[in-house]
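Each chain, letter by letter, is given below.
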Amino acid sequence: MKRVVITGMGIYSAIGKNLAEVKESLYQGKSGIILDPARKEMGFRSALTGMVERPHLKGVLDRRMRVGLPVQGEYAYVATLEALQTAGIDQLFLDKHEVGILYGNDSSAVPVVESVDILRNKKDTMMIGSGYIFQSMNSTVSMNLSVIFRLKGVNFTISGACASGSHALGVGYMMIRQGLQDIIICGGAQEINAESTASFDALNAFSTREAEPAKASRPFDRDRDGLVPSGGAASVILESYESAMKRGAPILGELIGYGFSSNGEHISLPNVEGPVRAMQNALADAGIRPESIDYINAHATSTPAGDSNEARSIDTVFGSCKPLVSSTKSMTGHEMWMGGASEVIYSTLMMNHSFIAPNINLENTDEHTSLLNIATRTEHREIRSFLSNSFGFGGTNSSLIVRKA
Amino acid sequence: MTMQNEAIIAKINQLLIDEIEIEENQINPSANLKKDLGIDSLDFVDLFVIIDNNFGFKMKAEEMADVKTLQDFYTYVIHRINPIQP
């Protein structure tokens, strides 16, 4: 089995458009949540959202590359550029080596809505144009980036609801560990728009604390009232240790464990037992004991049931050692398909800069969240290893463990 | 009122520059649409939409078979807009 290391990272998120900005936001405990009044006019229960600026790619990518690229693909392109740059990989290298892509993505709503609107209005499929088909498929990010970067390795998308990005890293880790690929661009992308979140808003799952957007996402807090949708993209370059050493690449961390499970119960209500098994499987895969984990980046989205059950899950596995826990979603909002990848980046930044970002807005714990040792302010700590949780609809669970290089 | 040929050609050129992002210095009546201007099968799908939105008619694939150069394309569009012209 080969060792799998992280040699590059790139991020485009509501708390920063690159690694440096994001690291600073994490350290300062800065929220990226805003109110989008247009959603209120559309009939949303909650108009709260994370927001990022749309990248300007005209003049950067030619028209054919842009026409089929939806907004989350644009975020992913920018994040991947930064990831390749930090890994010291240029286009010449990509042209000469077999580099793959495994990206997490689970929707592309706007192109679907717009193309069907054109059809309904014009009653002629020919008026839809050439770009919407490539924009509207779930595999849009991996299909576009593989063409833009002329990739020649593994190439597909992983759709695992809000654990998509985490599973993408997990599957990439397994492929490299088995010697099937040397380098894979892994990540997650999440569109930000009303169209993709309207049906989620319909579930009463979003916080309605609209008077205080920066305080709305409050994972583990007693008065949490729902999640805040967000988005962007996160790219992680996973590479075999041998390949990284041969290239003289920076080693930002080592991915040592991937655990997964399914709850086998309710489609939207998380349970305790499924995440327990995912975390235990990750520890077993890494061959380490709970005591070796210094920090847990929780999935905790700020929903009443989800945070309670995750707290009980973490307590079941880590109750004897109580590592520091925080949910960076308190700042970013819920980055959904992207979150599993971005939260590995957030945690790796913390690990390499020896701090733990605060779980902002935690003012009072409740019966279950009081079981945890939650970082409510920036903690200066050495992190030897961290565990990152991601859970999704259908009861899909993913836990990743990264060790300091 | 019919549109003058020069105006049609100027509009086509501007649409190619603005919408298909052809470089202005590549615009030449003798330019081959595929080989010189790089207009591929997917760009033709977009040209269908652009022409319909701007000139109000639908290009037909069978009529495009003989359209090789930019001049051929000007002639085709002019004849579709002003069919009485020789």
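It should be noted that the structure appears before, not after, this text.
No experiment lies behind these values; they were computed from the predicted model shown.

1. So, the overall build of chain A
On a plain count of helices and strands, chain A comes out with 16 helices and 13 strands. In terms of overall dimensions, chain A has a C-alpha envelope of 60 × 55 × 40 Å along the principal axes. In chain A, which comprises 405 residues, the share counted as buried stands at 62%. Sequence-distant contacts, at least 24 apart, represent 79% of the contacts inside chain A between residues at least 6 apart. As presented, chain A carries roughly 14900 Å² of accessible surface, and 53% of it is formed by carbon and sulfur atoms. Side-chain charges in chain A split into 37 positive and 42 negative, and the spacing between the mean points of these groups amounts to 3 Å.

2. Remarks on the interface of chain B and chain A
Quoted interface sizes are often the accessible area lost when the parts come together. Chain B puts 13 residues into the contact, and the matching count from chain A is 14 residues. Taken together, both faces of the contact between chain B and chain A bury some 1100 Å²; the carbon and sulfur share is 54%. When the area that chain B buries against chain A is broken down by residue, the three leading residues are Glu21(B), Leu42(B) and Asp46(B), summing to 40%. The interface formed by chain B and chain A includes 7 salt bridges.

3. Section: helix α2 (residues 41-55) of chain B
The end-to-end C-alpha separation of α2(B) is 21 Å, in line with the 21 Å expected for 15 residues at 1.5 Å each. Every buried residue of α2(B) is accounted for by Asp43(B), Phe44(B), Asp46(B), Leu47(B), Phe48(B), Val49(B), Ile50(B), Ile51(B), Asp52(B) and Phe55(B). Tucked into the core, α2(B) has its buried residues touching α3 (63-67) of chain A together with α1 (5-18) and α3 (70-81) of chain B. Two or three places before Leu42(B), at the start of α2(B), stands the capping residue Asp40(B), its side-chain oxygen 3.1 Å from that residue's backbone nitrogen. Phi turns positive, to about 75°, at Gly56(B), one or two residues after α2(B).

The rules we used
Within each chain, residue numbers correspond to sequence positions counted from 1 in written order. Lettering of chains starts at A and numbering of ligands starts at 1, both following the order in which they are written. Local features in this predicted model are restricted to residues of pLDDT 70 or higher, and side-chain atom pairs are both shown and tallied only at a pLDDT of 80 or more, whereas totals for entire chains, interfaces and linings draw on every residue. Values shown for side chains rest on all heavy atoms present in the structure; no hydrogens or waters enter the calculation. By definition, any uninterrupted DSSP run of H or I lasting at least four residues is a helix, any uninterrupted run of E lasting at least two residues is a strand, and each is numbered from the N terminus. Only protein chains enter the calculation, and the probe is 1.4 Å; a residue is then buried if its accessible area is under 20% of its type maximum, exposed if over 50%, and partly exposed in between. Residue contacts are counted whenever heavy atoms from the two residues lie within 4.5 Å of one another. Areas reported as accessible are Shrake-Rupley estimates using a 1.4 Å probe. Residue values count occlusion only from the protein chains shown. Just so you know, the count uses Lys and Arg for positive and Asp and Glu for negative, and it drops His and the chain ends. By convention, charge coordinates are those of NZ in Lys, CZ in Arg, CG in Asp, or CD in Glu. Once two parts are brought into contact, the accessible area they lose, counted with a 1.4 Å probe and summed over both, makes up the buried area. Salt bridges are defined by distance alone: a side-chain nitrogen of Lys or Arg within 4 Å of a carboxyl oxygen of Asp or Glu. Any helix carries an expected span of 1.5 Å times its number of residues minus one. By the criterion applied in these results, polar contacts are pairs of N or O atoms within 3.5 Å in which, for protein atoms, one can donate a hydrogen and the other can accept it, and in which residues neighboring in sequence qualify only through two side-chain atoms.

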